[in-house]
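# A closer look at the structure
What follows is the residue order along each chain.
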Amino acid sequence: MNSPTHPDVYTHGHHESVLRSHRWRTAENSAGYLLPVLVPGSSLLDVGCGPGSVTIDLAARLAPGRVVGVDTSAAVVEIAQKAAADTGAANVTFQVADAYELPFPDDAFDVVHAHQVLQHLTDPVTALREMRRVTRPGGVVALRDADYSGMTWYPPSTGLDEWLALYHEVTQANGAEANAGRKLLSWVHEAGFDPAGVVPGAGTWCYATPEDRAWWAGLWADRSVASDFARQAIAHGLADEVGLELLADAWREWGDEPDGWFAVLHGEVLARA
């Protein structure tokens, strides 16, 4: 995700609470907008693959096509490799790589996919140009990113309001863009994709059942005190441990609400190379 010329910081890090969220993701709940254009036998590159759950799912749909997942974290790539071995996915491999300098020749893949990646980059347009470079002419670059200002919940919570404000402050300090979802279309245009081949859209995650609410509240309560987000908030002088504990309490209180409802808005773009 970063390079010597782009010293990006991954706001979330790879704490267990973050990986817990990433492992929940599937092609269906995180790349549904892409599925209708996938053709079995096609090749795909998954940029910022994390622990590989979406990558492996996409590989199953594209078999026997070659699928490669890349991430900057060697530790998380190792987790993805083990997950692929455990599932017997023979057509997928994982390796460490930088989104700004992908180690592949021009026109190497039919599809390049990036889920929740551009929001963490200081130069998303340059990364998009690199993704386009490794996509064959007529192939597809598929992008999905959350839009934090578009998130909404019920019942009202001053604590969650404070969490969202702090999240924006931390990402701004990191040079990242928490509201990437709404900017994907403009970034794709700036990267030089032909607007005639660009299909923009939006998608959501919703946490409202007792089980989903408890899961979402629990992982964000943990992230608020134990993940890199918490560490960075303290390092930037934006919060202290007591304040972060109060945010975790707010998440747990929301999770206990029988009427609790939380929606995550994502921007989505399919762009022809």
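Just so you know, these numbers come straight off a predicted model, no measurement behind them.

Criteria and thresholds
- Residues numbered from 1 in each chain as written.
- Predicted model: local features only at pLDDT ≥ 70, side-chain atom pairs only at ≥ 80, totals over all residues.
- Heavy atoms only, no water.
- UniProt positions renumbered as here; feature names shortened; annotations may be inferred.
- Helix = DSSP H or I, 4+ residues; strand = E, 2+ residues; numbered from the N terminus.
- Patch = residues over 30% accessible without salt bridge, like charges linked within 9 Å, V, L, I, M, F, W, Y side chains within 5 Å.
- Areas by Shrake-Rupley, 256 points an atom, 1.4 Å probe, with all protein chains shown as cover.
- Salt bridge = Lys/Arg side-chain N within 4 Å of Asp/Glu carboxyl O.
- Lys, Arg positive; Asp, Glu negative; His and termini not counted.
- Charge placed at Lys NZ, Arg CZ, Asp CG, Glu CD.
- Buried < 20%, exposed > 50% of the residue type's maximum accessible area, 1.4 Å probe, protein only.
- 1 Å grid on protein atoms, 1.4 Å probe; cavity = no way out; pocket = protein on both sides within 12 Å on 5 of 7 lines; lining within 4 Å.
- Points joined across faces, edges and corners; volume = space filled by probe spheres on them.
- Nonpolar A, V, L, I, M, F, W, Y, C, P; charged D, E, K, R; others polar.
- Contact = heavy atoms within 4.5 Å.
- Arc of directions from axis to C-beta.
- Polar contact = N/O pair within 3.5 Å; in protein donor to acceptor, adjacent residues only side chain to side chain.
- Phe/Tyr/Trp six-rings, centres within 6.5 Å; stacked < 30°, edge-to-face > 60°.
- Lys NZ or Arg CZ within 6 Å of the ring centre and 35° of its normal.

Turning to the UniProt feature "domain: Methyltransferase" (unreviewed entry) in the protein, a few remarks are in order. UniProt tags residues 40–168 as "domain: Methyltransferase" (unreviewed entry). Overall, residues 40–168 shows 35% helix and 28% strand. The separation of its end C-alpha atoms is 40 Å.

This part covers a negative patch on the surface. On the surface, Glu-253, Asp-256, Glu-257 and Asp-259 cluster together into a negatively charged patch. Among the structural elements, Asp-259 can be located in the loop between α10 (241–255) and β8 (261–272). For Asp-259, a relative accessible area of 54% gives the class exposed.

This brings us to the environment of Val-37. Within the fold, Val-37 resides in the loop between α2 (27–30) and β1 (44–47). Put simply, Val-37 and Gly-192 are 155 residues apart on the chain and 22 Å apart in space, counted from C-alpha to C-alpha.

Quick look at the layout of surface pockets now. Of the pockets and cavities examined, the largest pocket occupies roughly 480 Å³. Lining of the largest pocket is provided by 38 residues; of these, Tyr-10, His-22, Arg-25, His-115 and Gln-116 occupy positions nearest its centre. Looking at the lining of the largest pocket, the elements that each hand over two or more residues are α1 (16–24), β1, α3 (53–62), β2 (67–71), β4 (109–115) and α8 (210–226). Each residue belonging to the lining of the largest pocket can be placed in one class, and the counts come to 18 nonpolar, 15 polar and five charged.

Along the chain, the position of Met-151 falls in the loop between β5 (135–146) and β6 (152–154). The class of Met-151 is buried, set by a relative accessible area of 8%. When the C-alpha atoms of Met-151 and Ala-60 are compared, they prove to be 31 Å apart, with 91 residues separating the residues in sequence. Not counting residues within four places of it along the chain, the set of residues in contact with Met-151 comprises Ala-146, Trp-163, Phe-262, Ala-263 and Val-264.

Residues that lie three or four places apart on an α-helix share one face, since the helix turns once every 3.6 residues. Buried residues of helix α9 (residues 228–235): Phe-229, Ala-230, Gln-232 and Ala-233, and no others. An end-on view of α9 places all buried positions within 165° of arc, on one side of the element. Residues of α9 that are buried in the fold lie against α6 (158–173), α8 and α10. Between the side-chain oxygen at the start of α9 and the backbone nitrogen of Phe-229 there is a gap of 3.2 Å, and the oxygen is on Ser-227.

Applying the stated criterion across every chain, the model contains 14 salt bridges. For Asp-106, the salt bridge goes to Arg-133, with nearest N and O atoms at 2.8 Å. On the criterion of sequence distance, the pair formed by Asp-106 in the loop between β3 (92–96) and β4 and Arg-133 in helix α5 (residues 124–133) is long-range, its members being 27 residues apart. Residue Arg-133 is classed as partly exposed on the basis of its relative accessible area, which comes to 25%. For Arg-182, the salt bridge identified is with Asp-147, shortest N-O distance 2.7 Å. Highlighted residues: Arg-182 in helix α7 (residues 180–190) and Asp-147 in the loop between β5 and β6, separated in sequence by 35 residues. On the basis of relative accessible area, Arg-182 is assigned to the exposed category, the value being 52%.

In this section: the packing of aromatic side chains. The final tally for this structure, using the stated rule, is 24 aromatic pairs. A centroid spacing of 6.4 Å and a plane angle of 65° characterise the contact between Trp-153 and Trp-163, whose relative ring orientation is edge-to-face. Of this pair, Trp-153 sits in strand β6 while Trp-163 is found in helix α6, placing the two residues ten residues apart along the sequence. Accessibility expressed as a relative area gives 12% for Trp-153, which makes it buried. Looking at Trp-163, the relative accessible area reads 0%, which means it is buried. We note Arg-132 situated over the ring of Phe-193; from NZ or CZ to the ring centre the distance is 5.3 Å.

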